[in-house]
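# Chain and residue survey
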Amino acid sequence: MKRKKRIATVSLAGCFGCHMSLLDMDEHILELMELAEFDRSPLTDFKTFSRRCDIGVIEGGCCNEENVHTLQEFRKHCDVLVAVGQCAIMGGLPVMRNAIMHSEDPLRECLEEAYSSSAKVYNPSNQIPNDAALPLLLDKVYTCAEVVKIDYQIPGCPPTGEVLWATLAALIKGEPAPQEYHMIKYD
Ligand code: SF4
């Protein structure tokens, strides 16, 4: 019997919308389960890789050091990495934090706005969270391709279930990823 392909997925600095779109392939999910099984993923209970995977699906870019570590783990354990959605490909909406150019210290300004100076914040200690268990924010949001080599990109915010299914099915069968114009969108 032919070995099922193994797929791992993750959400880094994403909103889980791309994973929702993955589920939006509707009945194709049953076909996908015939062709492949899921390893580490928010859709399973695997906390780490149980074995090498054929395909890694990445949602979200990198905004903190844990994102970078996780992405490097995916690169190490997956033959093919697919960046899914605008966040993974070009940072998406979170990358707007990189545009606080009027400040010489944009990350600090961002943290102060979130934890102390904003009118909506109640924080009597005025402390910015600093526990060792918390992953440190990066100086800016990075795209996945700035951190590791990415093999395929599926644009969209989110990409449709249709294009996710078509791309995964093609990669599983060793065929070229589809590039039909009507499937590609960036919003
Ligand atoms: S690309 Fe859009 S849907 Fe996907 S994680 Fe980013 S914001 Fe969410």
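Residue indices follow the written sequence of each chain, beginning from 1 at its first position. Only residues with pLDDT of 70 or above have their local features reported here, since the model is predicted, and side-chain atom pairs are shown and tallied only from 80 upward, although totals for entire chains, interfaces and linings are computed over all residues. Only hydrogens and water are removed before side-chain values are computed, so all heavy atoms of the structure are retained for them.

### Topic: the site of the ligand
Summary of the distance rule: residues count as near a molecule or strand when at least one heavy atom falls within 4 Å of that molecule or strand. The immediate surroundings of the ligand are formed by G14, C15, G17, C18, E59, G85, Q86, C87, G156, C157 and P158. By the criteria applied, helices consist of DSSP H or I runs no shorter than four residues and strands consist of E runs no shorter than two, each listed in order from the N terminus. When contributions to the shell around the ligand are tallied by element, the ones reaching two or more residues are α1 (17-23) and α4 (86-90). Taken together, the residues of the shell around the ligand break down into five nonpolar, five polar and one charged. In this classification, Asp, Glu, Lys and Arg are treated as charged, Ala, Val, Leu, Ile, Met, Phe, Trp, Tyr, Cys and Pro as nonpolar, and every other residue, Gly included, as polar.

### Considerations on the pattern of salt bridges
Any carboxyl oxygen of Asp or Glu that lies within 4 Å of a side-chain nitrogen of Lys or Arg is treated as forming a salt bridge with it. All told, the structure shown has 10 salt bridges when counted by the stated rule. The partner of K76 in a salt bridge is E73, and the shortest N-O contact between them spans 3.2 Å. One end of the pair, K76, and the other, E73, are both in helix α3 (residues 65-77), three residues apart, so they sit about a helical turn from each other. By relative accessible area, K76 is classed as exposed at 54%. What emerges from the salt-bridge pattern is a single network uniting R6, E37 and D39. Partly exposed describes any residue whose relative accessible area lies between the buried limit of under 20% and the exposed limit of over 50%, with all areas from a 1.4 Å probe on protein chains only and scaled to the type maximum.

### As for the environment of C144
Secondary-structure assignment places C144 in the loop between β6 (137-142) and β7 (152-154). The contact definition used throughout considers only heavy atoms, calling two residues in contact when any of these lie within 4.5 Å. When neighbours within four sequence positions are excluded, C144 is seen to be in contact with L12, I58, G60, G61, L71, A88 and I150.

### So, a nonpolar patch on the surface
Only residues whose relative accessible area exceeds 30% and that form no salt bridge enter a patch; like-charged residues are grouped when within 9 Å of one another, and nonpolar side chains (Val, Leu, Ile, Met, Phe, Trp, Tyr) when within 5 Å. All accessible areas in this document rest on Shrake-Rupley with a 1.4 Å probe, and a residue is counted as covered only by the protein chains that are shown. On the surface, a nonpolar cluster with roughly 280 Å² of combined accessible area is contributed by M20, L23 and L43. By the element assignment, M20 lies in helix α1.

### Concerning unusual backbone geometry
Residue P158 follows C157 across a cis peptide bond; omega there is 0°. Structurally, the position occupied by P158 is in the loop between β7 and α6 (161-173). Look at N126: it is not a glycine, yet its phi comes out positive at around 65°. Relative to the assigned elements, N126 resides in the loop between α5 (106-117) and β6.

### Concerning the environment of Q153
The topology assignment puts Q153 in strand β7. Exposure remark for Q153: the relative accessible area of 47% places this residue in the partly exposed category. Separated by 47 residues in sequence, Q153 and P106 place their C-alpha atoms 29 Å apart. The residues contacting Q153, other than those within four sequence positions of it, are A83 and I89.

### As for the pairing of strand β5 (residues 78-84)
Along any regular strand, the residues point their side chains to alternate faces of the sheet. In terms of residue burial, β5 counts as a mostly covered element, since five of its seven residues are buried. Here, any two strands with at least 2 DSSP bridges between them count as paired. Here six bridges tie strand β3 (residues 53-59) to β5, and the two strands are oriented parallel to one another. Bridging from a neighbouring strand, V57 pairs with V82 of β5. Sheet topology note: the β5/β7 ladder contains three bridges and is parallel. Note on β7: the bridge partner recorded for V82 is Y152.

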